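Examining the three-dimensional arrangement
One letter stands for each residue in the lines below.
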Amino acid sequence: MEKLKSRPALSASSLLVVALAIAALARLVPVAFDTPIGRDITEYQNVAENLATHQWFGIDIKAFHAYESSAVHYAGYARPPMLPVVLWLSEMVGPADWVARLIGPLLYLASLTLAWSLLRGFFSPIASFWTVVLLAVHPGLWRVSLLPLTEPLVLMLVLLALWACLRSPQPLISGLAVALAFLGRPGTAVIGVVIGAVWAARAWRERRPAGVIVFCFAALLGPAALIASNLANGAPPLLTAQGFLWRVVRFDEAVFYLHRNPIYDSAAALIADRGAGSVARAVAKNIYNYGLALGKASDGLAMILPLVPLAWMGLRKSPRVGFAAALGAVALVDLTLYCAAWATFDAARFLTFTRFFALMLIVPPAFEAIAAMTAGRESSSSASPGSSDSSVGGSRLPQAVMAMIALTWLCSIGMRSYVTVRERQTGRYPAGSLAVLWFTPDADALRASFESAFSRSPQERPPTVASNEPWFTNRELRVPSFVIPYDLYMDEWITFLNSGGADAVLIHEEDWPGDYLGNLAALRTALAADRWRVVHEKSPLQLWSAPDGPANSL
């Protein structure tokens, strides 16, 4: 009987193209309609615009009252420089709005390519393929990768540093990637220490210290650049907004509640004054919230937890144990940093590394273990890593399992895309959603009222606006803006506004916390008593002009 011919196998490069095509397609619908613009994104784009207009590294949104400055100030304290520089360079080749939409997906596609190359050094092409597909369609990672945030950029740089350490030893490239990642998010310093430890272990094993020396030299260029920039702008050498995370119990204390909860000089001073118990409770709450977020079925990681024992079987043998140790340590120290930073919680963003590396650690070895068992042959974990065999083999059962998981996640993404598009078309957003700020139907009328009330010559400085949403104000009106706290008393409002040099006050009623509605009434009463006048009043936006108009001094 003539032997049946087997179907031609796809090459490894073809698998990568398919995986990237799936990733790009999953992002096409939301990117084509719109990219939601939030507070952080607005600040990064603001700094990029200032770089484009030769105003150096400046920002004209004052979102924190923890330091003395005007609405227009040096941006090094509020925002790390790497992402604004990338946005600035990208906007040279295309419209700013489209750059904002595309930069996140493009950076994430680069991350997937690096993940593929890294995995191919230790696992088969088909196992690497399904891992990249799951990384491409994971709901949480999908959401973060749509936005021009630091996470897609820093993830790509960390993967480059790991690739240059584990896959193709290049200490200079690895160190420079860590340096740039630090400039993208200073908290990445802890990840740099982990990668440095891997280089140190390699130097010890090979008795060649040159690699670790080159890596450390290159990696330290990041902190050196930050120190030089801060000193050039008269700021403390290691000044960074991430210091807030260790000097307030709640993040919003640095934003809206300064007058009732001062910013402390150090974490030790905060603990001494507020008590170790309050800080410990905040840390415990973070641990609980992050654990809960990871355990939700909608996160997707819960679906692969049964694969952990199989993954363990595939990771026990060298050299995969080194691969697992490096990636696991990176994910663990990143998660630990955010759990220990008691002041903030944002599972959608801060679990990016944990989700990404958990999939890289669990899926490929589990896939190969299932394939080996169902095919009745020796586990592929004993095969030589980075095999040049580019064919796609293995049992159909594990492929079906991974396809079911990917299909489930694709359905989840499809539903999220549909909801996002429908909300954008109807103007209906969940209560408290930041999207309301950027798509309010009254924005055009607000701009017309503002330009009428504050007409000025090009030589005059733009008016400064105080607002409970300075990000929306700056983006829509293109003027310097600073945030106003919620908890001032009647006689404190005017003093506060004058100290900031406010020419106008813009109130976004829907984003004023319900617990402080009495303070909102007090603000309006104080403005009327001081002869401020309403120049725009259409819900949810109310704009007041100072008695002397734009003549107030900063």
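As the structure is a prediction and not an experimental result, all values here were calculated from the model. (Residues numbered from 1 in each chain as written. Predicted model: local features only at pLDDT ≥ 70, side-chain atom pairs only at ≥ 80, totals over all residues. Heavy atoms only, no water.)

1. Some words on the overall build of the protein
- Summing up its helical and strand segments, the protein has 23 helices and eight strands in all.
- With an accessible surface of roughly 24,400 Å², the protein has 63% of that area assigned to carbon and sulfur atoms. (Helix = DSSP H or I, 4+ residues; strand = E, 2+ residues; numbered from the N terminus. Areas by Shrake-Rupley, 256 points an atom, 1.4 Å probe, with all protein chains shown as cover.)

2. Concerning the pattern of salt bridges
- Counted by the stated rule, this structure contains 15 salt bridges.
- With its nearest N and O atoms 3.2 Å apart, the salt bridge here joins D511 to R39. With a gap of 472 residues between them, D511 in the loop between β6 (504-508) and α23 (517-529) and R39 in helix α2 (residues 39-52) connect regions that are remote in the sequence.
- Among the residues examined, D511 registers a relative accessible area of 16% and is labelled buried.
- On the basis of relative accessibility, which here comes to 24%, the residue R39 falls in the partly exposed class.
- Among the ionic contacts, a cluster of salt bridges with common partners joins D40, E43, R79, E151, R185, D334 and R349. (Salt bridge = Lys/Arg side-chain N within 4 Å of Asp/Glu carboxyl O. Buried < 20%, exposed > 50% of the residue type's maximum accessible area, 1.4 Å probe, protein only.)

3. As for the sheet that holds strand β7 (residues 533-538)
- Overall, mixed pairing links the six strands, which are arranged β2-β5-β4-β6-β8-β7 in an open sheet. Looking at strand neighbours, the two that pair on one side only are β2 (61-62) and β7, the edges of this open sheet.
- Here β7 runs beside strand β8 (residues 541-545); their pairing, made up of five bridges, is antiparallel. Looking across to β8, one finds that V534 is bridged to W544. (Pairing = 2+ DSSP bridges.)

4. Digging into the side chain of S467
- Along the chain, the position of S467 falls in strand β4 (residues 465-467).
- There is a polar contact of 3.3 Å between the side chain of S467 and the side chain of T473.
- Not counting chain neighbours up to four residues away, the residues in contact with S467 comprise T473, F482, V483, I484 and L506. (Polar contact = N/O pair within 3.5 Å; in protein donor to acceptor, adjacent residues only side chain to side chain. Contact = heavy atoms within 4.5 Å.)

5. Re the nonpolar core
- Among the nonpolar cores identified, the biggest contains 102 residues, and F356, F357 and M360 are the most heavily contacted of them.
- Ranked by residues supplied to this core, first place goes to helix α17 (residues 352-375) with 13 residues.
- F356 has contacts with Y108, S111, L112, A115, L135, L141, L155 and L159, leaving out every residue within four places of it along the chain.
- Within the second largest apolar cluster, 52 residues are counted, among which are V47, A63, F482 and W512. (Core = buried A, V, L, I, M, F, W, Y, C linked by side-chain atoms within 4.5 Å.)

6. Brief notes about the packing of helix α7 (residues 150-167) against helix α15 (residues 320-340)
- Packing of α7 against α15 brings their axes to within 12 Å, and their N-to-C directions diverge by 160 degrees. The pairing of α7 with α15 is recorded here as roughly antiparallel in orientation. Helix-helix and strand crossings are classified by hand; for α7 and α15 the assignment is right-handed. On the side of α7, the interface is formed by V158, L162 and L166, while α15 contributes F323, A326, L327 and V330.
- Taken together, the residues of the contact of α7 with α15 break down into seven nonpolar, no polar and no charged. (Axes fitted to C-alpha atoms, helices over the stretch in contact; angles between N-to-C directions. Parallel < 35°, antiparallel > 145°, perpendicular 65-115°, else oblique. Left-handed = near helix turned anticlockwise from the far one by under 90°. Nonpolar A, V, L, I, M, F, W, Y, C, P; charged D, E, K, R; others polar.)

7. Regarding helix α11 (residues 221-232)
- The first and last C-alpha atoms of α11 sit 16 Å apart over 12 residues, in line with the 16 Å expected at 1.5 Å per residue.
- Of all the positions in α11, only G222, L226 and N230 are classed as buried. Looking straight down α11, one finds that the buried residues subtend no more than 65 degrees of arc, so they occupy a single side. Exposed and oriented more than 90 degrees from the buried face of α11 are L231 and A232.
- In the segment just after α11, G234 is the residue with positive phi, at about 70 degrees. (Expected span 1.5 Å × (residues − 1). Arc of directions from axis to C-beta.)

8. Considering the confidence of the model for the protein
- The pLDDT averaged across the protein works out to 82; a share of 85% of its residues lies at or above 70.
- By mean pLDDT, the top-scoring element of the protein is helix α8 (residues 171-184) (96), and the lowest-scoring one is helix α19 (residues 435-438) (43).
- Confidence drops under a pLDDT of 50 for residues 428-437, and excluding neighbours within four residues, the segment shows 15 contacts in the predicted structure. (pLDDT = per-residue confidence, 0-100.)

9. Observations regarding the packing of aromatic side chains
- Following the criterion strictly, the structure yields 14 aromatic pairs and no others.
- Ring centres 4.2 Å apart and planes at 5 degrees place the aromatic pair Y338 and F350 in the stacked group. Here F350 lies in helix α16 (residues 347-350) and Y338 lies in helix α15, a separation of 12 residues in the sequence.
- Here the aromatic residues Y108, F353, F356 and F357 are joined through ring pairs into a cluster of three or more.
- Residue placement shows R79 over the ring face of Y44; its charged tip is 5.1 Å from the ring centre.
- Lying over the aromatic face of W204, R207 brings its terminal NZ or CZ to 5.1 Å of the ring centre. (Phe/Tyr/Trp six-rings, centres within 6.5 Å; stacked < 30°, edge-to-face > 60°. Lys NZ or Arg CZ within 6 Å of the ring centre and 35° of its normal.)

10. What about the environment of A177?
- Of note, A177 is situated in helix α8.
- A sequence separation of 18 residues divides A177 from L159, and the C-alpha atoms of the two residues are 8.7 Å apart.

11. Comments concerning the pairing of β6
- Summarising burial for β6: five of the five residues are buried, a large majority.
- Here β6 shows no split at all, with A504, L506 and H508 on one side and V505 and I507 on the other all buried.
- Sheet analysis places β4 next to β6, joined by three bridges and oriented parallel. Looking at the pairing, A466 lines up with V505 of β6.

12. Comments concerning unusual backbone geometry
- Of note, the phi angle at R478 is positive, near 55 degrees, even though the residue is not glycine.
- Although it is not a glycine, R531 sits at a positive phi angle of roughly 70 degrees.
- Position of R531 among the secondary structure elements: in the loop between α23 and β7.

13. Some thoughts on a nonpolar patch on the surface
- Residues L172, L176, V214, F217 and L221 make up a contiguous nonpolar surface patch of roughly 440 Å² in combined accessible area.
- Inspection of the secondary structure puts L221 in helix α11.
- Residue L221 is classed as partly exposed on the basis of its relative accessible area, which comes to 39%. (Patch = residues over 30% accessible without salt bridge, like charges linked within 9 Å, V, L, I, M, F, W, Y side chains within 5 Å.)

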